[in-house]
Amino acid sequence: VGFGCSVPAIMATRTLPSEHDRKMTVMLTPFMSCSAKLPVYGLLTAAFFARGSVLAMVSLYLIGIAVGALVALIFRRTAFRGEPVPFIMELPNYRLPSAKTTVMLAWDKAKDFITRAFTIIFAASVVIWFLQTFDIRLNVVSDQSQSMLAGLGGLIAPLLAPLGFGDWRASTALVTGLLAKESVISTFAVLLGTESASALSGLFTAYVFLVFTLLYPPCVAAIGAVKGELGPKWAAAVFALQCVVAWVVALAVRLAGMALGFA
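Parameters at a glance
- Residues numbered from 1 in each chain as written.
- Predicted model: local features only at pLDDT ≥ 70, side-chain atom pairs only at ≥ 80, totals over all residues.
- Heavy atoms only, no water.
- Helix = DSSP H or I, 4+ residues; strand = E, 2+ residues; numbered from the N terminus.
- Expected span 1.5 Å × (residues − 1).
- Buried < 20%, exposed > 50% of the residue type's maximum accessible area, 1.4 Å probe, protein only.
- Contact = heavy atoms within 4.5 Å.
- 1 Å grid on protein atoms, 1.4 Å probe; cavity = no way out; pocket = protein on both sides within 12 Å on 5 of 7 lines; lining within 4 Å.
- Points joined across faces, edges and corners; volume = space filled by probe spheres on them.
- Nonpolar A, V, L, I, M, F, W, Y, C, P; charged D, E, K, R; others polar.
- Phe/Tyr/Trp six-rings, centres within 6.5 Å; stacked < 30°, edge-to-face > 60°.
- Lys NZ or Arg CZ within 6 Å of the ring centre and 35° of its normal.
- Axes fitted to C-alpha atoms, helices over the stretch in contact; angles between N-to-C directions.
- Parallel < 35°, antiparallel > 145°, perpendicular 65-115°, else oblique.
- Patch = residues over 30% accessible without salt bridge, like charges linked within 9 Å, V, L, I, M, F, W, Y side chains within 5 Å.
- Areas by Shrake-Rupley, 256 points an atom, 1.4 Å probe, with all protein chains shown as cover.
- Salt bridge = Lys/Arg side-chain N within 4 Å of Asp/Glu carboxyl O.

*Asks:* Is there a simple way to think about helix α11 (residues 232–259) in this case?
*Replies:* Because each turn of an α-helix spans 3.6 residues, side chains separated by three or four positions end up pointing in the same direction. Over its 28 residues, α11 extends 41 Å from the first C-alpha to the last, a length consistent with the 40 Å expected when each residue adds 1.5 Å. Among all positions in α11, only Ala235, Val238, Leu241, Gln242, Val245, Ala246, Val249, Ala250, Leu251, Val253 and Gly257 are buried. Packing partners of the buried residues in α11 comprise α2 (19–28), α4 (53–77), α9 (203–215) and α10 (220–230). Following α11 by one or two positions, glycine 261 adopts a phi angle in the positive range, close to 85 degrees.

In structure tokens, the structure reads:
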């Protein structure tokens, strides 16, 4: 489910009988590449990889699965020690549900999803709009580079410099990507126009950027889903874990590429 959207995948973990397994599954779900990241993959792979774009995109999905499995192994020896609870599913007698029951259950789950996800997205959208529209003196900006959002991106840029994309425009795009991953592309379009790729210095840097985008924290709706399921401490833990893992893996990919002569 997480390959489609992390929000319903996280909400679906409530069906797990073991709280131990449930928490671990919630922590690992964001490593699966959700469909919202496809526009980012599509634009950058088409711009930099041409005929190799399909291979590059497939490799990102495989990296997400591999990193999730590796983190799971680390968790089993650290924070989530202990034997997993055997999964036993007791199957009831199947009966065709009534139309009324189906509609009521579907509405209840859809309302829960909308309430949890879209209220958070709306609030985050207002915050991003405010930061993008005003400078620190609350004057409306005509140039996005003077906005508070650009200033925030500039503060984060030095942390991303070891990964090869310390440009403030790339870091600003990643900040807006916390609202929705598609926002990475729209932010590039606003800040750079048709030359969205110019914030990345080359093919291999673009790939490292894609790896970071794959693994860094999911959208605010997913973080909100974690908060709703497990509480604010676990939501903060997921956010911190994704930041650290994304930075470490992206750095490892860049160093490996440099050692092999790709960068």
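*Asks:* Would you explain empty space enclosed by the protein in this entry?
*Replies:* Empty space among the atoms becomes visible once a probe the size of a water molecule is rolled across them. According to the stated counting rule, one finds one cavity of 30 Å³ or more in the structure shown. What the largest cavity holds in volume is close to 30 Å³. Lining the largest cavity, in full, are Gln132, Gln144, Ser147, Leu149, Ala150, Thr172, Thr187 and Leu191. Going through the elements one at a time, α6 (148–160) and α8 (183–192) are the ones with two or more residues in the lining of the largest cavity. Tallied by class, the residues present in the lining of the largest cavity amount to three nonpolar, five polar and no charged.

*Asks:* Is there a simple way to explain the side chain of threonine 13 in this structure?
*Replies:* If you trace the backbone, threonine 13 turns up in the loop between α1 (6–12) and α2. On the accessibility criterion, threonine 13 (3% relative accessible area) is buried. Once you skip the residues sitting within four places of it in the chain, threonine 13 turns out to touch Arg22, Thr25 and Val26.

*Asks:* Just to check I follow, could you spell out the packing of aromatic side chains for this structure?
*Replies:* Geometry of an aromatic ring pair is reported as the spacing of the ring centres plus the angle between the planes. Using the criterion set out here, one finds eight aromatic pairs in the structure. Pairing tryptophan 129 with phenylalanine 134 gives two aromatic rings, centres 5.9 Å apart and planes at 90 degrees, and the pair type is edge-to-face. Members of the aromatic cluster, each reached through a chain of ring pairs, are Phe165, Phe209, Phe212 and Tyr216. One cation-aromatic arrangement involves lysine 181 over tyrosine 216; the distance from NZ or CZ to the ring centre is 4.6 Å.

*Asks:* Explain the packing of helix α3 (residues 38–48) against α9 here, please?
*Replies:* When two helices pack together, their arrangement is given by the angle between the helix axes and the distance between those axes. Where α3 meets α9, the closest approach of the two axes is 10 Å, and the angle between their N-to-C directions is 170 degrees. Of the possible angle classes, the one that applies to α3 and α9 is roughly antiparallel. Residues Val40, Tyr41, Leu44, Thr45 and Phe48 of α3 pack against Leu203, Ala206, Phe209, Leu210, Thr213 and Leu214 of α9. Here the residues of the contact of α3 with α9 are counted per class, giving nine nonpolar, two polar and no charged.

*Asks:* When you look at a nonpolar patch on the surface in this model, what are you seeing that I'm missing?
*Replies:* Nonpolar side chains collect at one region of the surface, where Phe3, Val54, Val58, Leu62 and Ile65 lie side by side and expose about 450 Å² of accessible area between them. Positionally, valine 54 belongs in helix α4. Overall, valine 54 belongs to the exposed group, its relative accessible area being 57%.

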